[in-house]
Amino acid sequence: MIADWLDIGWLDQIPVRGSRTVPVAGGEEIAVFRTGDNQVFALVNRCPHKGGPLSQGIVHGHSVACPLHNWNIALATGSAQGEDKGCTPVVPVKVVSGRVLICRASALQAAA
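Predicted model, so just to flag it, every value in this text is computed and none were measured.

(A) How the structure looks around the nonpolar core. Ranked by internal contacts, the top residues of the largest apolar core, which has 15 residues, are I30, V32, V91, V100 and I102. Per-element tally for this core: the top contributor is strand β4 (residues 40-44), with three residues. In this view, V100 contacts L6, D7, I8, G9, W10, L11, I14, V32, V40, V93, K94 and V95; residues no more than four positions away in its chain are not counted. F33, F41, V59 and L75 belong to the second largest nonpolar core, which has 13 residues in total.

Here you go:
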């Protein structure tokens, strides 16, 4: 039986205000972000604007700025902020005893 949650490693392995990526079947990646207040979010690693790799963007507060065109994406909702429109799929994530877990089914569906 396959677990519902995929263990991707220790929280401390994700830099504060940084991210790491997890490959998903089909060639997509999930970007897992750690904010300055140690909250963790997961999005498909693709900006809704031009597909920029959000994992390479700058994390500020609970948002990430796309490295290609500086669109700001809310980490909790995946929605573009301000005048920009669009949304990146969000993947449920949780931290249990210092381990970061992402929802396996949601990761596969979001990246499809």
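(B) Expanded view of the sheet that holds strand β6 (residues 63-65). What the three strands build is an open sheet, ordered β5-β6-β7; its pairing is antiparallel. Taken across any chain shown, the strands that pair with only one partner, and hence form the sheet edges, are β5 (58-60) and β7 (72-74). Going from strand to strand, the sheet's axes swing by 30° on average, the running direction of each strand aside. Across three bridges, the pairing between β6 and β7 is antiparallel. By the bridge assignment for β7, A65 is matched with N72.

(C) Spotlight on the sheet that holds strand β9 (residues 99-103). Ordered in space as β1-β9-β8, the three strands form an open sheet in which the pairing is antiparallel. At either margin of the open sheet sits one strand with a lone partner, and together these are β1 (5-10) and β8 (93-96). In this sheet, neighbouring strand axes are inclined to one another by 30° on average, regardless of whether the strands run parallel or antiparallel. Sheet topology places β8 next to β9; four bridges connect them, and they run antiparallel.

Cut-offs used in this document
Residues numbered from 1 in each chain as written. Predicted model: local features only at pLDDT ≥ 70, side-chain atom pairs only at ≥ 80, totals over all residues. Heavy atoms only, no water. Core = buried A, V, L, I, M, F, W, Y, C linked by side-chain atoms within 4.5 Å. Buried < 20%, exposed > 50% of the residue type's maximum accessible area, 1.4 Å probe, protein only. Helix = DSSP H or I, 4+ residues; strand = E, 2+ residues; numbered from the N terminus. Contact = heavy atoms within 4.5 Å. Pairing = 2+ DSSP bridges. Axes fitted to C-alpha atoms, helices over the stretch in contact; angles between N-to-C directions.

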